[in-house]
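This is what each chain is made of:
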Amino acid sequence: MSAARHIIVQADAATVAEAAARRLIARVAAMPVAAVCLTGGSSPQALYRLLATPRWRAEIPWPRVHWFLGDERAVPPDDPLSNGAMAREAFLDRCAPRGNVHMIATATSPDAAARAYESELEDFHHHRPGLPLFDLVLLGVGPDGHVASLFPGAPALEEHDRLVIGVDRANVAPFVPRITLTLSCLASTREMLFLATGRGKRDILRRVFAGEDLPANRARADGGGDTVWLLDEAADPRAAA
Ligand code: 6PG
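A short tour of the structure in this document, coming up. Not measured: the values here are computed from a predicted model. (Residues numbered from 1 in each chain as written. Predicted model: local features only at pLDDT ≥ 70, side-chain atom pairs only at ≥ 80, totals over all residues. Heavy atoms only, no water.)

1. Describing the layout of surface pockets
- Estimated volume of the largest pocket: approximately 290 Å³.
- Along the lines of polarity and charge, the residues of the lining of the largest pocket split into seven nonpolar, nine polar and four charged. (1 Å grid on protein atoms, 1.4 Å probe; cavity = no way out; pocket = protein on both sides within 12 Å on 5 of 7 lines; lining within 4 Å. Points joined across faces, edges and corners; volume = space filled by probe spheres on them. Nonpolar A, V, L, I, M, F, W, Y, C, P; charged D, E, K, R; others polar.)

2. Re the site of the ligand
- In the region of the ligand, 16 residues are neighbours, and S42, S43, D71, A148 and K201 sit closest.
- Within the backbone of G40, a nitrogen or oxygen atom sits 3.3 Å from an oxygen atom of the ligand.
- Coverage of the ligand by the protein amounts to 88% of the 410 Å² it exposes when considered alone.
- If you map the ligand onto the pockets, it falls in the largest pocket.
- Split by residue class, the shell around the ligand holds three nonpolar, nine polar and four charged. (Near = heavy atom within 4 Å. Polar contact = N/O pair within 3.5 Å; in protein donor to acceptor, adjacent residues only side chain to side chain. Areas by Shrake-Rupley, 256 points an atom, 1.4 Å probe, with all protein chains shown as cover. Sits in = over half its atoms within 2 Å of the grid points.)

3. Quick word on the side chain of D71
- With respect to the helices and strands, D71 occurs in strand β4 (residues 71-73).
- Residue D71 is classed as buried on the basis of its relative accessible area, which comes to 4%.
- Here the side chain of D71 touches S149 through a polar contact of 2.6 Å, side chain to side chain.
- When near neighbours in sequence (up to four residues on either side) are disregarded, D71 contacts G40, N83, I104, A148, S149, R178, I179 and T180. (Helix = DSSP H or I, 4+ residues; strand = E, 2+ residues; numbered from the N terminus. Buried < 20%, exposed > 50% of the residue type's maximum accessible area, 1.4 Å probe, protein only. Contact = heavy atoms within 4.5 Å.)

4. Points about the environment of F209
- Structurally, the position occupied by F209 is in helix α7 (residues 202-209).
- For the pair formed by F209 and R238, sequence separation is 29 residues and the distance between their alpha carbons is 9.4 Å.
- Excluding residues within four positions of it along the chain, F209 makes contact with R5, I7, W229, L231 and P237.

5. Details of the packing of aromatic side chains
- Inspection of every chain in the model, using the stated rule, returns nine aromatic pairs.
- Ring plane angle 65 degrees and centroid distance 6.4 Å describe the contact between F68 and Y117, whose orientation is recorded as edge-to-face. You can see F68 sitting in strand β3 (residues 65-69) and its partner Y117 sitting in helix α5 (residues 110-126), a full 49 residues away along the chain.
- For F68, a relative accessible area of 0% gives the class buried.
- Their ring planes at 65 degrees and their centres at 5.8 Å tell us that F68 and F134 sit as a pair that is edge-to-face. Of the two residues, F68 is situated in strand β3 and F134 in the loop between α5 and β5 (136-139); the sequence distance between them amounts to 66 residues.
- The class for F134 is buried, based on a relative accessible area of 0%.
- Every member of this aromatic cluster is reached through a ring pair, and the members are Y48, W62, W67 and F91. (Phe/Tyr/Trp six-rings, centres within 6.5 Å; stacked < 30°, edge-to-face > 60°.)

6. Regarding the nonpolar core
- L38, W67, F91, L121 and F134 are the most contacted members of the largest nonpolar core, which has 80 residues in total.
- Tallying contributions element by element places helix α1 (residues 13-29) first for this core, with eight residues.
- Look past the residues within four positions of F134 in its chain and what remains in contact with it is A35, V36, C37, F68, L121, R128, L181, C185, S188, T189 and R190. (Core = buried A, V, L, I, M, F, W, Y, C linked by side-chain atoms within 4.5 Å.)

Structure (structure tokens):
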């Protein structure tokens, strides 16, 4: 697969969540220490809830898996808009050892928060020399083609030296500053897995798959990693209208 995009279509959002859970388990199963980068938004929520159910929970080697975030909104950690709060409530708080949950702290400025999270990622990376940062990076796609908090036309897209940066202005709601992993950081993964479900995703997916220069097209796993788009039939722009 490597640089090419691989598109997988499932019947509906529930089967997308199951397929994503199977891919996640396959990526973490054999790793002595595994790293998963989570996404915010609504698209991953069915997957996160599934991971906490007995059947799926039993298949994840929780003590060996570390959980990171691809982006965060600059809101308090328990705010309903917080990506971390959403993931913690959906599954992390019940399933993952606390020391394996790496949230983005938002008490400081976005830039300071980004630098602190960058250090945390670098520390973790030192424990896994020779491997990409992540085994799996989950991503959603916004209506403007953004991924994580990397918006179309933003200078952040050209950032190649930093792993994490602060973003002053969001392109879409919620209009709060963000902290986001950069494209090169997200690319350091064995698999980048996009989740997109529902009719509302069809227009942006049509633009992405047509090759438009959008963050969602620039986001690719590098170094031989796989880039996979997991859609349901309703989101598939190639389906009859
Ligand atoms: C965020 C997300 C963002 C999200 C897309 C898709 O903080 O908002 O990380 O990049 O993945 O906007 O969002 P939906 O899944 O809600 O459509």
